[in-house]
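Here are the chains, one letter per residue:
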Amino acid sequence: MNLQSLVVIALRLLALDFLLRVAVQLTPQILQFLRLYEQSPLDGSRSDMVLPWLMLAGLIVAAVLLWFLALPIARFVTRGVSQDLSLGAMSLVDCYSIAFMAVGLFYISSHLPQVLNWAHYFLKTAASGHRDGERAFSGYDVSQAFIPFIVGVVLFVNGRRWAVALARRQSESAAPADSMSKTHESDT
């Protein structure tokens, strides 16, 4: 295990978190803005509707780029620094597994109270037999509780399998780069 691999893991987790936050927090706000805009257009300009979608697409592209460019960014950041990092007998797969499961547990534990609260509300509303309920709920509020919780469960359950696949892929892509740098050093 080296420092560069640890930076790649951290960057990819940041990309996942960034993408989830964009999907859960920003998308509902943009959809609500568009709904309000349709009800009372400000000046009839379509450019006001395009900007939120461009912003959303830009943020999603940024998260995807951060994921795919994690290895080159890690090489750049750790250039000139000792690559040796002693984590005992932990392999790259172990680090990815711990990271995925830790993020999954974080999302599960931080959103479990909201999920339980909404589940209780829905059960109580269903048991009472009337759909009006005491308070109206928004699909956005429900999605902000359930989507991160579900993502956390998926990360926790599939973390090891994804860790094996990512570590294999990262070591395959790092091997050609290392062999190219060694041949370049021997030529000089």
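For the structure, see preceding data.
Structural notes, computed from the coordinates.

Procedures and definitions
- Residues numbered from 1 in each chain as written.
- Predicted model: local features only at pLDDT ≥ 70, side-chain atom pairs only at ≥ 80, totals over all residues.
- Heavy atoms only, no water.
- Helix = DSSP H or I, 4+ residues; strand = E, 2+ residues; numbered from the N terminus.
- Buried < 20%, exposed > 50% of the residue type's maximum accessible area, 1.4 Å probe, protein only.
- Areas by Shrake-Rupley, 256 points an atom, 1.4 Å probe, with all protein chains shown as cover.
- Core = buried A, V, L, I, M, F, W, Y, C linked by side-chain atoms within 4.5 Å.
- Contact = heavy atoms within 4.5 Å.
- Patch = residues over 30% accessible without salt bridge, like charges linked within 9 Å, V, L, I, M, F, W, Y side chains within 5 Å.
- Salt bridge = Lys/Arg side-chain N within 4 Å of Asp/Glu carboxyl O.

Here the focus is the overall build of the protein. Looking only at helices and strands, one finds 5 helices and 0 strands in the protein. Its helices and strands taken in sequence order, the protein reads α-α-α-α-α from the N to the C terminus. Across the 188 residues of the protein, 29% fall into the buried class. Carbon and sulfur atoms provide 66% of the accessible area of the protein, an area that totals close to 12100 Å².

Ranked by size, the top nonpolar core spans 24 residues in total, and within it Val8, Ile9, Leu13, Tyr96 and Phe100 carry the most contacts. Contributions of two or more residues to this core are made by helix H1 (3-39), helix H3 (70-77), helix H4 (92-128) and helix H5 (139-187). Setting aside chain neighbours within four positions, we find Leu13 in contact with Ala99, Phe100 and Val103. Within the second largest apolar cluster, 7 residues are counted, among which are Tyr121, Val142, Ala145 and Phe149.

Here we come to a nonpolar patch on the surface. On the surface, a nonpolar cluster with roughly 860 Å² of combined accessible area is contributed by Leu19, Ile60, Val61, Val64, Leu65, Phe68, Leu69, Ile73, Phe76 and Val77. Listing elements by their share of the nonpolar patch, those giving two or more residues are helix H2 (47-68) and H3. Ranked by residue count, the leading element in the nonpolar patch is H2, at 5 residues. Examined against the element boundaries, Phe76 turns out to sit in helix H3. Taking relative accessible area as the criterion, Phe76 reaches 56% and is therefore assigned exposed.

Interpretation in functional terms is not warranted from these geometric data alone.
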